[in-house]
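# Architecture and fold: a report
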Amino acid sequence: MLHPIKHFLTISKHRNTVICHCFKAGIPLRGLLHDLSKYSPNEFFAGVKYYQGYRSPNEIQRELFGYSSAWLHHKGRNRHHFEYWNDVNPLTKRYEPVKMPVKYLKEMFCDRVAASKIYQGKNYTDSHPLDYFKRGRAADYMHKDTAETLEKWLIMLKEEGEKATFEHIKNLKDY
């Protein structure tokens, strides 16, 4: 059964949570622009078709076909995903991770915290985003500096809470 309204509400709730986080992190424009591609036909209709409510529809599409066309579309248009930041190294002639600019790293942090809140619901704790980061081994595929900074912020969230972490992130320059 298709769930267009449920999918719309889920992605909108997530986006609104990210917007709130981005305001706290001092990057309001990034929040307002966050994940607009999820409303495009390429991503939205796949989300409706594979909607389950407790995990990303991209995971289901990936399990069925070996890839997610919605995810490939999404990561290629949204700079807050570390997967966007890969390019050919002129020395090695291989695709390698590139260090993310801070404003997009801040948005990625906001996105990960919001996703944990949406998918964990009332079971959410400030340790969930760090647990997910470690379990998914994303650091293995990010630029070393990007992974270290994100992990530092996620540890800070777990140990010091949202208010202190967002205040710290807000005070960093977005170079």
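This one's a predicted model, so the numbers in the text were calculated from it and none came from an experiment. (Residues numbered from 1 in each chain as written. Predicted model: local features only at pLDDT ≥ 70, side-chain atom pairs only at ≥ 80, totals over all residues. Heavy atoms only, no water.)

## Points about the side chain of Asn89
To keep things clear, this is the line we draw: Numbering goes from the N terminus for both helices and strands, where a helix is a DSSP run of H or I of at least four residues and a strand is a run of E of at least two. In protein, a polar contact requires one atom able to donate a hydrogen and another able to accept it; more generally it is a pair of N or O atoms within 3.5 Å, and residues adjacent in sequence count only if both atoms are side-chain atoms.
Inspection of the secondary structure assignment puts Asn89 in the loop between strand E1 (86-88) and strand E2 (95-97). In this structure the side chain of Asn89 is engaged in a polar contact, spanning 2.7 Å, whose partner is the backbone nitrogen of Leu91. Here the side chain of Asn89 touches Thr92 through a polar contact of 3.4 Å, landing on its backbone nitrogen.

## Description of the packing of aromatic side chains
Cut-off, in case you're wondering: Classification of ring pairs rests on two measures: the distance between centres of Phe, Tyr or Trp rings, Trp counted by its six-membered ring, which must be within 6.5 Å, and the angle between planes, read as stacked under 30 degrees, edge-to-face over 60 and tilted in between. Burial classification: accessible surface area is computed with a 1.4 Å probe over protein chains only, and a residue below 20% of its type maximum counts as buried, one above 50% as exposed, and the rest as partly exposed.
Within the structure shown, the criterion is met by seven aromatic pairs. Between Phe109 and Phe166, the aromatic rings sit 5.7 Å apart at their centres with planes inclined by 75 degrees, giving edge-to-face as the arrangement. Of this pair, Phe109 sits in helix H6 (residues 102-120) while Phe166 is found in helix H9 (residues 162-170), placing the two residues 57 residues apart along the sequence. Each member of the pair, Phe109 as well as Phe166, is classed as buried.

## With respect to the pattern of salt bridges
Here is the rule: Basic side-chain nitrogens of Lys or Arg form a salt bridge, by our definition, when they fall within 4 Å of a carboxyl oxygen of Asp or Glu.
A full pass over the atoms with the stated rule returns ten salt bridges. For the salt bridge of Lys144 with Glu148, the shortest nitrogen-to-oxygen distance reads 3.3 Å. Of this pair, Lys144 and Glu148 both sit in helix H8 (residues 144-160), four residues apart, which is roughly one turn of that helix. You can call Lys144 exposed: its relative accessible area is 56%. Look at the salt bridges and you will find they share partners, linking Lys24, Lys117 and Glu162 into a network.

## Remarks on the nonpolar core
Looking at soluble globular proteins, one finds that nonpolar side chains tend to be buried together. The line we're drawing: As used here, the term nonpolar core means buried Ala, Val, Leu, Ile, Met, Phe, Trp, Tyr and Cys residues forming a set that is joined through side-chain atoms within 4.5 Å. By definition, residues are in contact when any of their heavy atoms lie within 4.5 Å.
One finds Met108, Phe109, Met142 and Leu150 to be the most contacted residues of the largest nonpolar core, which totals 26 residues. Of all the secondary structure elements, the ones that give two or more residues to this core are helix H1 (4-24), H6, helix H7 (128-136), H8 and H9. Ranked by the residues each element gives to this core, the list is headed by H6, at seven residues. Aside from chain neighbours lying at most four places away, what touches Phe109 is Leu150, Trp153, Leu154, Leu157, Thr165, Phe166 and Ile169.

## Some words on a nonpolar patch on the surface
For the record, the criterion: The patches described consist of residues with a relative accessible area above 30% and no salt bridge, like charges being joined within 9 Å and nonpolar side chains (Val, Leu, Ile, Met, Phe, Trp, Tyr) within 5 Å. For accessible areas, the Shrake-Rupley method is used with a probe of radius 1.4 Å. Any residue's cover is judged against the shown protein chains and nothing else.
Side chains of Ile5, Phe8, Leu9, Phe23, Leu29, Leu32, Leu33, Leu36 and Tyr39 sit close together on the surface and give an oily, nonpolar patch of about 870 Å² of accessible area. At the level of secondary structure, the elements contributing two or more residues to the nonpolar patch comprise H1 and helix H2 (28-33). In this structure, Phe23 sits in helix H1. Of the residues examined, Phe23 reaches a relative accessible area of 44% and is grouped as partly exposed.

## Concerning the side chain of Glu162
The residue Glu162 is located in helix H9 in this model. Look at Glu162 and you get buried, because its relative accessible area is 17%. Within the structure, the side chain of Glu162 is placed 3.3 Å from the side chain of Lys24, a separation counted as a polar contact. Residue contacts for Glu162: discarding those within four places in its chain leaves His21, Lys24, Val113, Lys117, Asp126 and Leu157.

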